[in-house]
Amino acid sequence: MAASRYRRFLRLCEEWPVENSKQQRDLGSVLRQRVAQAFREGENTPISDPEACDQMYESLVRIHTNFYKNKYPRLKETTFTGVTVDDCRRILATDILKQMEDMKKGTWKRLREKFSAKKPEEDSK
């Protein structure tokens, strides 16, 4: 029975898209890591709680297939702030978050970081 559960999770991992804009924060990559940890021995992995395993799989399938999005359709595709889904994806991209972290730093701290690094000419002296 563990073999069929393992194959179902593998199939779900294959279907789940990986979003490259969210490096190390993507649900698809986290799912793949967790499945690899949970099924270390592959199909021969003993499952201590089969009911919890099946429940986890069903929950992930509902997320993957947008079950609740389809069951409870939204009237508008924006939030109360007026931001669209595409805007949210762009804002949450790893590159943009790094830029925002840099902007949070004060001018003095940025200057200190910029000039505190040793230059290659100083290392040779």
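See the structure above.
Residues numbered from 1 in each chain as written. Predicted model: local features only at pLDDT ≥ 70, side-chain atom pairs only at ≥ 80, totals over all residues. Heavy atoms only, no water.

## Considerations on a nonpolar patch on the surface
Rules: Exposure above 30% relative accessible area and the absence of a salt bridge qualify a residue for a patch, where like charges join within 9 Å and nonpolar side chains (Val, Leu, Ile, Met, Phe, Trp, Tyr) within 5 Å. Using a 1.4 Å probe, the Shrake-Rupley method yields the accessible areas, and only the shown protein chains count as cover for residues. A carboxyl oxygen of Asp or Glu within 4 Å of a side-chain nitrogen of Lys or Arg is what we treat as a salt bridge. Under the scheme used here, helices are H or I runs from DSSP no shorter than 4 residues and strands are E runs no shorter than 2 residues, and both carry numbers assigned from the N terminus. The buried label goes to any residue with under 20% of its type's maximum accessible area, the exposed label to any with over 50%, and the partly exposed label to all in between, with areas taken from a 1.4 Å probe on protein chains only.
Residues Leu-27, Val-30 and Ile-63 make up a contiguous nonpolar surface patch of roughly 240 Å² in combined accessible area. Here Leu-27 is to be found in helix α2 (residues 27-38). For Leu-27, a relative accessible area of 46% translates into the label partly exposed.

## Observations regarding the pattern of salt bridges
Evaluation of the coordinates by the stated rule reveals three salt bridges. Between Arg-5 and Asp-54 there is a salt bridge, with the nearest N and O atoms lying 2.8 Å from each other. Note that Arg-5 is positioned in helix α1 (residues 2-15) and Asp-54 in helix α3 (residues 50-64), a separation of 49 residues in sequence. For Arg-5, a relative accessible area of 8% puts it in the buried group. Among the ionic pairs, Asp-54 bridges to Arg-8, the shortest N-O distance being 3.0 Å. Remark: Arg-8 occurs in helix α1 and Asp-54 occurs in helix α3; sequence separation between them is 46 residues. Since its relative accessible area comes to 25%, Asp-54 is described here as partly exposed. Among the residues examined, Arg-8 registers a relative accessible area of 23% and is labelled partly exposed. Connected through shared salt-bridge partners, Arg-5, Arg-8 and Asp-54 make up one network.

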